[in-house]
There are 4 protein chains.
Amino acid sequence: MTGLRITVWNEFRHERSNPAVGAIYPDGIHAALAPPLSEAGHAVRTATLDEPEHGLGGAVLDETDVLLWWGHQAHAEVQDAVVDRIQARVLAGMGLIPLHSAHFSKIFKRLMGTSCNLKWRVADERERLWVTAPGHPIAAGLPERIELEPEEMYGEHFDIPAPEELVFVSWFQGGEVFRSGCCFRRGAGRIFYFRPGHETYPTYHQPMIQRVIANAVRWAAPVPTAQPKHGRCDALERIG
Amino acid sequence: MTGLRITVWNEFRHERSNPAVGAIYPDGIHAALAPPLSEAGHAVRTATLDEPEHGLGGAVLDETDVLLWWGHQAHAEVQDAVVDRIQARVLAGMGLIPLHSAHFSKIFKRLMGTSCNLKWRVADERERLWVTAPGHPIAAGLPERIELEPEEMYGEHFDIPAPEELVFVSWFQGGEVFRSGCCFRRGAGRIFYFRPGHETYPTYHQPMIQRVIANAVRWAAPVPTAQPKHGRCDALERIG
Amino acid sequence: MTGLRITVWNEFRHERSNPAVGAIYPDGIHAALAPPLSEAGHAVRTATLDEPEHGLGGAVLDETDVLLWWGHQAHAEVQDAVVDRIQARVLAGMGLIPLHSAHFSKIFKRLMGTSCNLKWRVADERERLWVTAPGHPIAAGLPERIELEPEEMYGEHFDIPAPEELVFVSWFQGGEVFRSGCCFRRGAGRIFYFRPGHETYPTYHQPMIQRVIANAVRWAAPVPTAQPKHGRCDALERIG
Amino acid sequence: MTGLRITVWNEFRHERSNPAVGAIYPDGIHAALAPPLSEAGHAVRTATLDEPEHGLGGAVLDETDVLLWWGHQAHAEVQDAVVDRIQARVLAGMGLIPLHSAHFSKIFKRLMGTSCNLKWRVADERERLWVTAPGHPIAAGLPERIELEPEEMYGEHFDIPAPEELVFVSWFQGGEVFRSGCCFRRGAGRIFYFRPGHETYPTYHQPMIQRVIANAVRWAAPVPTAQPKHGRCDALERIG
C-alpha cells in the first residue's frame, strides 16, 4: 500500500511562538512528519491553520487518502465548514490520524460524539507504550514496547467511545495509564488516534514512532467499496 | 431496577395532522409508550416538541434517568441548546433510547458522529426481529424472534459506528436486513437504538415491543460511578 | 439483583501448604470471598479441588447462577468432564468470574480459545487499577482508581481475545500495564476476568476489591432468555 | 499483499460419494477454491482429510500464511494433534478462513470457545448477503449486496462470540437472517468465518464469492510483529 496521497495538517503555532518548540521542529511538526512518509513512497503534502481555508481548500481533501492532524492551542479557530467537509470525507472513506493533543480537535470530537477529555501533566516523565494487539497491522515490525523519555502524561479516564481495536496502552512514570493507540471506523473511513507527540519533546523524530505512523497510514487507507445506496428503495422480493 | 425517572419525548406532530396516525395513537406515541413503564414501577413523564424548551426545560433533564426519543419530520426544529444539554447528560450517565426514525435525530447523530443514514420503504410488509444475543438483558423474557406485520422497512447499510452489542437483526419481507437493536456507550451513559415503530402502524401497542423497551430502560439506567477527574493533575509517584 | 445462587470455587492448596498464605486466608481464599456475598443477600456455597468431583457434583452447577474460580498450581488436576460441564453451563447462561491466576485455568482457556499467557513478577510492588469504563455496572460505587500494595505484577501482552468491555487497566510500579477487568460473553453466559488476588497478599480482604466482585456477580447473573432453537428447521415464509 | 502462501484444506468426501456434488466440483471444492488465489499471485497448495496427517504434516503449517478450511460430515475424524498445531499457528499469526459448514469444525470451535451451533435448511432458496461494513478490506470492490440462488439456509442464533467486525449479514427467502461474514482475532492471528458454500450448489464458482475469499486472504495475512515475551520477567523500573 504505497503511493497513497497523504495530507499532514498542523496547527503550526507553537513552533513559531515558542523557541523551545522551534528548536525541535524548526519548520513545524508537519515538516518532521512528512519526510518519512514521502520516503515510504507516498505523495505527501502539508497544510496549516493559517493558510487560506487552513490549506484544505479546493480539491485538497478530495485528493487526500489519509489525513494526519496535529493541533493544540487553536482548535477553536478551525472553521466549522472545514470540519464538515473533513467529516464527510471520512464517512466516504478517507483515513484520519489525529495525533496527541488533537484529541480535543473539533473533527475528532465530532466523530467520537464524546468530550474526549483526559488527565494531563508536563513533567518530563517516562512513557512506555505496550503493544496490546500483537499481529495488528499498526504494530507491524515493532518490539513489544516503545520507550519515550521525556513525554507529557495523558491519563485515564479518556472519554472516548470504546476503541474498536486497542493497539497500545501507555504506562507513565507518575502513576497513570492511557489507551494510546485506538482504532475506530466511521462510515467507510478509518480513524487511528495516537497519543505521543507533545510539542516540547522530539517524539516525532523517533524512528519507532515514525514506524507506527507509517503503519497507521497504510491501515487507514481507503478501500474501494461501493458506496451504499441510502434513502427510499423498492422491494427486491414480492410483498403480499 | 424499578423506580427510575423516565422521560418519554415525542415530536407529536403526525398524530395531530394525520388522522390515520391519530387513530392509532390518539394521545400521541408518548401516551402509548408511557403506561407500560409506569406500570413497571417507574416515575414517567412525557415531553413534546411544541412545549416550551421542548418540554425539557428547568430540571427535567437533570431529573431524568432514561430518556426515550421519538421524532421524524421535525428533527431540524429541535434547538441545538437542548441537544447540547442532552448530550452532556448522556455523557454524565443518563440513558438514551432513540426509537425508529430518531435515527436521524440531532442527538443520535451527535452521539454517533456518522450520518445515520439507511434505506427505507413503507409497503405494509412483514418484519421479523431475530435475537442475536440471547442472554442479553434487553432480550430478557423474549422468544427467539418477534414478528411484526405490517411495518416500515429499514435496510442496510445503516451508517452507524459498529454497535458495541448487537441484540436484534431484522428480516424484511421485501429482501432487506437491518441491525435493529444496537447498544452504545458514550461517556458514562448508555444508548440503545431500537428500530420498530413507524407512526402508521400500531407497533408500540405490541406487548413484546413494550417488553424490549422496558428491558432497555433498565439496561440504560445510570450507574453511580465516580465522575472521573479530567484536566491537569499531579503525579502519584515520584518522577526523576 | 440479590438472592443469586453463588458458588465460590477455590483450589485451596496454597493455604494449607504455605504458612504465609494460611496466615492471610486461614480457612482458604473461598472463605474470604464468600462472606461479603452472603451479606449482600446471595445464597453462597463453596467448593474446592480436593472434594469429590471438585465439590461440583450432583446438581451444584445446575443450581449455580454465578461461579467464582480461583486456581493456580493445580489447574491440570481439574477433571476435563467437570470443565465440559462448566462450559455447557456458561453457554446456557451461568456467569463465570475467573480470578487472578485462573487466567490459566482450563475453563478460562477453553472459553477464550487462546493461550491466556502473560508476564508476571512477585516483587512487592504497587498496583493501581484505573477505571476505563465509568458508568459500567462493575465500576458502580468505585472511585476512579483502586490502589493495591503490595501485589503481584501481571503484564501485557495478555493473550486473550479483545475484551468486549474493558473496565480496568492496571499500572504497576515496575513498569508494566495490564488489562485487569475484562468482560466477555459466550453463549448466553457472561464472564468477567479480574486480575488481583495473589495468594501471599491480603487482596481479597480489601473492601474495594470486594465491591468489584460483588458488582461483577450482579453483572454476570443469568438473564431468563428463551434458549434459541438450533438444528434443522422449516421455512417461515413460502419458498419458490 | 500478493505472494502469500495459502493452503486450501478440504474434507473431500461429498465430492467422491455424491454424484450431484461431484458434478459441481469434479476435483473437489479445494480444486475450485485454489485457482483464483493462484491467479491472484499467491502460492497455493491443497490438502485433504484422507491424506497422511490430513495433508498438513511436515512443514506445511509452518509454511502457511493463510489456511482455508472446508469440512462437513467428518469433523470428528480430524486428529486432535493436528487441531492443536493449527491453533498454535493461528495464535502465532497464521490466518484462518473457515468456510460454511466449517462452523462445526474442531478448530473453529476450539478458537471460539462456544458451540458454534445454528439453524439450517436445504430448500433451494435465495440468499442475499448485505455488506454491513462498507470500507472494510474484505468488502473491497463489492457491490452493496451479493445474491446467491439457490443456497442452503443458515439462521440465527449463531452461537459464536460477538464478531469483532461484522462484514456481511445474510437474508434468506424462508425468513431467517445470519451473521455471514465475521472477523475475529486470536493471539496474533486473524480469522474470517464466511457462510456460503453448501456442497450441492456451485457457490464457489461465483466471481463475487471468489472476490470475498481473495479479500479475506489478504486481510488475514500474518503481520510481522515481535512475538511478546511471556512468563516471569524483571522490573523495568526500580521498586521500593
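As a reminder, the structure under discussion sits directly above these lines.
Every chain begins its residue count from 1, and numbering advances along the sequence as written. The naming scheme follows written order: chains are lettered A onward, ligands numbered 1 onward. Only residues with pLDDT of 70 or above have their local features reported here, since the model is predicted, and side-chain atom pairs are shown and tallied only from 80 upward, although totals for entire chains, interfaces and linings are computed over all residues. With hydrogens and water set aside, each side-chain value is computed from the structure's full complement of heavy atoms.

### A closer look at the overall build of chain A
- Secondary structure summary: chain A contains six helices and ten strands in total.
- C-alpha extents for chain A along the principal axes are approximately 70 × 40 × 35 Å.
- Classification of the 240 residues of chain A by burial places 66% in the buried group.
- In what follows, residue pairs with any heavy atoms lying within 4.5 Å of each other are defined as contacts. Across chain A, every contact between residues at least 6 apart in sequence was considered, and the portion connecting residues at least 24 apart equals 71%. Under the DSSP-based scheme used, a helix requires at least four consecutive residues in state H or I and a strand at least two consecutive residues in state E, with every element numbered from the N terminus. Relative accessible area decides the class of each residue, using a 1.4 Å probe on protein chains only: under 20% of the type maximum gives buried, over 50% gives exposed, and in between gives partly exposed.

### Considering helix 4 (residues 80–91) of chain B
All names here are of chain B.
- Residue count minus one, scaled by 1.5 Å, sets the expected span of a helix. Here helix 4 spans 16 Å end to end across twelve residues, near enough to the 16 Å set by a 1.5 Å rise per residue.
- Those residues of helix 4 that sit buried are V82, V83, I86, Q87, R89, V90 and L91.
- Structurally, helix 4 contributes buried residues whose contacts are with strand 3 (66–70), strand 4 (95–99), helix 5 (106–112), strand 8 (177–186) and strand 9 (189–194).
- Of the residues trailing helix 4, G93 is marked for its positive phi of about 130 degrees.

### Considering the packing of aromatic side chains
- For Phe, Tyr and Trp, where Trp contributes only its six-membered ring, two rings pair if their centres lie within 6.5 Å, and the inter-plane angle classes them as stacked under 30 degrees, edge-to-face over 60, or tilted in between. According to the stated counting rule, one finds 38 aromatic pairs over all chains in the structure shown.
- Ring centres of W171 of chain B and W171 of chain D lie 5.8 Å apart, and the angle between their planes is 5 degrees; on these two criteria the pair is classed as stacked. With W171 of chain B in strand 7 (residues 165–172) and W171 of chain D in strand 7 (residues 165–172), the pair connects residues from two separate chains. A single burial state applies to W171 of chain B and to W171 of chain D, both of which are buried.
- Relative to F194 of chain C, the ring of F192 of chain C has its centre 5.8 Å away and its plane inclined at 25 degrees; by these criteria the two rings are stacked.
- Judged by relative accessible area, F192 of chain C falls into the buried class, the value being 0%.
- Joined through ring pairs, the aromatic side chains of F108, Y154, F158, F178, F184 and Y193 of chain A make up one cluster.
- In this arrangement the basic side chain of R128 of chain A is found over the ring face of W171 of chain A, its NZ or CZ atom lying 4.7 Å from the centre. Whether a charge lies above a ring is judged from NZ of Lys or CZ of Arg, which has to be within 6 Å of the ring centre and within 35 degrees of the ring normal.

### A word on the interface of chain A and chain B
- Taken together, the contact pairs 41 residues of chain A with 41 residues of chain B.
- Across the chain A/chain B interface, buried area totals approximately 3100 Å², and carbon plus sulfur atoms make up 57% of it.
- Accessible-area loss on putting two parts together, using a 1.4 Å probe and summing over both, is the definition of buried area adopted here. Contact with chain B buries area across many residues of chain A, yet H230, C233 and I239 of chain A alone supply 17% of it, more than any other trio.
- Basic side-chain nitrogens of Lys or Arg form a salt bridge, by our definition, when they fall within 4 Å of a carboxyl oxygen of Asp or Glu. Joining chain A to chain B, the criterion identifies zero salt bridges.

### Examining the environment of V78 of chain C
Residues and elements named next belong to chain C.
- Along the polypeptide, V78 turns up in the loop between strand 3 (66–70) and helix 4 (80–91).
- A residue is classified by how much of its surface remains accessible, and V78, at 6% relative accessible area, is buried.
- In the structure, V78 is positioned 29 residues away from L49 in sequence and 7.2 Å away in space, judged by C-alpha atoms.
- The residues contacting V78, other than those within four sequence positions of it, are W9, L49, H54, W69, V83 and K106.

### Quick word on the relation of the copies chain C and chain D
- Superposing chain C onto chain D takes a rotation of 180 degrees combined with a translation of 0.0 Å along the rotation axis, leaving an RMSD of 0.0 Å. When the rotation and shift are considered jointly, the pair of chain copies conforms to a two-fold rotation axis. Every residue of chain C has its C-alpha some distance from the rotation axis, and the shortest such distance is that of G113 of chain C, at 2.8 Å.
- Mapped onto chain D, 100% of the interface residues of chain C are again interface residues, and the two copies thus contact each other with one and the same surface. Overlaid copies result from least-squares superposition on C-alpha atoms, with residues included only where pLDDT is at least 70 in both.

### Regarding the pattern of salt bridges
- This structure, assessed with the given rule, holds 100 salt bridges over all chains.
- The salt bridge involving R110 of chain B is made with D84 of chain B; its shortest N-O contact spans 2.9 Å. With R110 of chain B in helix 5 and D84 of chain B in helix 4, the pair connects residues that are 26 residues apart, well separated along the chain.
- Look at D84 of chain B and you get partly exposed, because its relative accessible area is 40%.
- A salt bridge links E53 of chain D to R85 of chain D, with the nearest nitrogen and oxygen atoms 3.5 Å apart. Taken together, the residues E53 of chain D in the loop between strand 2 (43–48) and strand 3 (66–70) and R85 of chain D in helix 4 (residues 80–91) connect sequence positions 32 residues apart.

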